[in-house]
Amino acid sequence: MNYLWLIFALLSAITAALVSIFGKIGLKGIDANTATAVRSIIMAAFLVFVVLIQGKLNQIPSIISNRKTIVFIVLSGIAGALSWLFYFMSLNFGKVSQVAPIDKLSVVFAVILSILFLREKVSIISGLGVGLIAIGAILVALG
């Protein structure tokens with residue numbers, strides 16, 4: 001069985017947690033939106049470097065030339081930027097231990113939206129898990 005998805009998902013969770021910690025420390029006394037912009041520039045440069053090292057820069061024109069692909073990648077980029085703007089703004093006003101769990105309600109919203117727009121099927125067990133995530137996120141944030 002291929003467990004690469006789980007390894008990468010756990011690495012994503014760990015590095016996302018570090019974003020919260022490093023972001024909270026770095027935001028002291030500065031504007032959250034400006035900090036997010038600087039962070040985004042660093043992310044973009046890092047990711048271009050990764051694509052360069054992988055030798056995949058030549059795939060960029062095919063992504064740009066596919067109208068549907070580029071529209072949804074642009075929308076995803078805007079949604080991601082807004083997410084991080086709101087996340088860093090919330091870190092300015094709240095504790096990481098409050099902000100991070102509420103941010104993880106994105107899992108709940110993603111599942112609901114995947115059902116509505118992508119027609120994905122969710123089992124009763126998965127639905128129960130999503131409900132528990134929602135309850136857990138709220139309990140952790142308010143506790």
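Residues numbered from 1 in each chain as written. Predicted model: local features only at pLDDT ≥ 70, side-chain atom pairs only at ≥ 80, totals over all residues. Heavy atoms only, no water.

1. Some words on the overall build of the chain
Helices and strands together make up the secondary structure of the chain, namely seven helices and zero strands. Helices and strands in the chain line up, N terminus first, as α-α-α-α-α-α-α. Counting only C-alpha atoms and orienting by the principal axes, one finds that the chain spans roughly 50 × 45 × 30 Å. Each of the 143 residues in the chain was classed as buried or not, and the buried ones make up 15%. On the chain, roughly 10,800 Å² of surface is accessible, and the fraction owed to carbon and sulfur atoms is 77%. (Helix = DSSP H or I, 4+ residues; strand = E, 2+ residues; numbered from the N terminus. Buried < 20%, exposed > 50% of the residue type's maximum accessible area, 1.4 Å probe, protein only. Areas by Shrake-Rupley, 256 points an atom, 1.4 Å probe, with all protein chains shown as cover.)

2. Focus on the UniProt feature "domain: EamA" (unreviewed entry) in the chain
Listed under "domain: EamA" (unreviewed entry) in the UniProt record, and renumbered for this structure, are residues 4-141. Taken as a whole, residues 4-141 contains 86% helix and 0% strand, while its terminal C-alpha atoms sit 31 Å from one another. (UniProt positions renumbered as here; feature names shortened; annotations may be inferred.)

3. Observations regarding the environment of Arg39
Structurally, the position occupied by Arg39 is in helix α2 (residues 32-54). Given a relative accessible area of 17%, Arg39 falls into the buried group. In sequence terms Arg39 and Thr69 are 30 residues apart; their C-alpha atoms lie 25 Å from each other.

4. Structural notes on the domain arrangement of the chain
Taken domain by domain, the chain holds domain 1 (1-92) and domain 2 (94-142). The C-alpha centroid of domain 2 is placed 20 Å from the C-alpha centroid of domain 1. On the side of domain 2, five residues touch domain 1, which itself brings seven residues to the contact. Carbon and sulfur atoms make up 63% of the surface buried where domain 1 meets domain 2, a total of about 540 Å² over both sides. Inspection of the domain 1/domain 2 interface yields zero salt bridges. Put simply, domain 1 and domain 2 have two residue pairs in polar contact (both at pLDDT 80 or more) between them. Breaking the side of domain 1 that touches domain 2 down by element, the ones donating at least two residues are α1 (4-26) and α4 (67-93). Among the elements that line the side of domain 1 that touches domain 2, the one with the most residues is α4, at four residues. Grouping the amino acids of the side of domain 1 that touches domain 2 by side-chain chemistry returns three nonpolar, three polar and one charged. (Domains from an automatic or database assignment. Contact = heavy atoms within 4.5 Å. Buried area = accessible area lost by both parts, 1.4 Å probe. Salt bridge = Lys/Arg side-chain N within 4 Å of Asp/Glu carboxyl O. Polar contact = N/O pair within 3.5 Å; in protein donor to acceptor, adjacent residues only side chain to side chain. Nonpolar A, V, L, I, M, F, W, Y, C, P; charged D, E, K, R; others polar.)

5. A few points about the pattern of salt bridges
A pair can form between side chains of opposite charge whenever their charged atoms are brought close. The final tally for this structure, using the stated rule, is one salt bridge. Of the charged contacts in the structure, one is a salt bridge between Lys104 and Asp103, with a shortest N-O distance of 3.0 Å. For Lys104, a relative accessible area of 38% puts it in the partly exposed group.

6. Topic: the packing of aromatic side chains
Counted under the stated rule, the structure contains two aromatic pairs. Aromatic side chains Trp84 and Tyr87 sit 5.0 Å apart centroid to centroid with 75 degrees between the ring planes, which places their arrangement in the edge-to-face category. Of this pair, Trp84 and Tyr87 both sit in helix α4, separated by three residues, roughly a single helical turn. Measuring from ring centre to ring centre gives 5.9 Å for Trp84 and Phe88, while their planes differ by 80 degrees; the resulting arrangement is edge-to-face. With Trp84 and Phe88 both in helix α4 and four residues apart, this pair spans about one turn of that helix. Using a relative accessible area of 5% as the deciding quantity, one classes Phe88 as buried. Among the aromatic residues, those joined into a ring-pair cluster are Trp84, Tyr87 and Phe88. (Phe/Tyr/Trp six-rings, centres within 6.5 Å; stacked < 30°, edge-to-face > 60°.)

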